[in-house]
Amino acid sequence: MAAEKTVSKKLTRFEKARVLGARAIQLSQGAKPMKHKEIDKLLKKDDIDSIDIATKELELGILPLNVKPKE
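Bear in mind that the values here come from a model prediction, so they are computed numbers and not experimental data.

What counts, and where the lines are drawn
Residues numbered from 1 in each chain as written. Predicted model: local features only at pLDDT ≥ 70, side-chain atom pairs only at ≥ 80, totals over all residues. Heavy atoms only, no water. Patch = residues over 30% accessible without salt bridge, like charges linked within 9 Å, V, L, I, M, F, W, Y side chains within 5 Å. Areas by Shrake-Rupley, 256 points an atom, 1.4 Å probe, with all protein chains shown as cover. Salt bridge = Lys/Arg side-chain N within 4 Å of Asp/Glu carboxyl O. Lys, Arg positive; Asp, Glu negative; His and termini not counted. Charge placed at Lys NZ, Arg CZ, Asp CG, Glu CD. Helix = DSSP H or I, 4+ residues; strand = E, 2+ residues; numbered from the N terminus. Buried < 20%, exposed > 50% of the residue type's maximum accessible area, 1.4 Å probe, protein only. Arc of directions from axis to C-beta. Contact = heavy atoms within 4.5 Å.

Take a negative patch on the surface next. A cluster of acidic residues, Asp46, Asp47, Asp49 and Asp52, forms a negative patch at the surface. Tracing the backbone shows Asp46 in the loop between α2 (37-43) and α3 (50-60).

Here it is in structure tokens:
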């Protein structure tokens, strides 16, 4: 019987940076932010940028993403 691999649900700092960067680029090029009441509150502020929105989306866990670890 082969040893089972455990998969952590926590992103490494490198995975987090990659996901945030990719999402921030999408938002800066006109993509709509995900619908959530916390995001709506954030968008009402004057000084907001795409990195802040992407970070909040990641914290809330509303980004539809799958990070596959290398085998």
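Alright, that's what it looks like, and here's the rest.
Right, let's talk about the pattern of salt bridges for a bit. Close approach of charged atoms allows side chains of opposite charge to pair. Evaluated as defined, the whole model comprises three salt bridges. Here Glu38 and Lys41 are joined by a salt bridge, their closest N and O atoms 3.7 Å apart. Here Lys41 and Glu38 lie together in helix α2, a separation of three residues that amounts to about one turn. In this structure Lys41 comes out as exposed when scored by relative accessible area, which is 52%. Across the pair Glu59 and Lys56 runs a salt bridge, and its minimum N-O distance is 3.9 Å. Separated by three residues within a single helix, Glu59 and Lys56 lie in helix α3, roughly one turn from each other. Here Glu59 falls in the exposed class, since its relative accessible area comes to 60%. On the basis of relative accessibility, which here comes to 24%, the residue Lys56 falls in the partly exposed class.

Assignment of secondary structure puts Thr55 in helix α3. In this structure, the C-alpha to C-alpha distance between Thr55 and Arg23, residues 32 residues apart in sequence, is 8.9 Å.

This brings us to the environment of Ala22. Its place among the elements puts Ala22 in helix α1 (residues 13-28). A relative accessible area of 28% places Ala22 in the partly exposed class. Residues Ala22 and Ile51, 29 residues apart in the sequence, show an inter-C-alpha distance of 9.8 Å.

The subject of this paragraph is α3. What α3 keeps buried is the set Ile53, Ala54, Glu57 and Leu58. Buried positions in α3, seen along its axis, are confined to an arc of 135° and lie on one side of it. Against the buried residues of α3 lie α1 and α2. Residue Gly61 follows α3 closely and has a positive phi angle near 75°.

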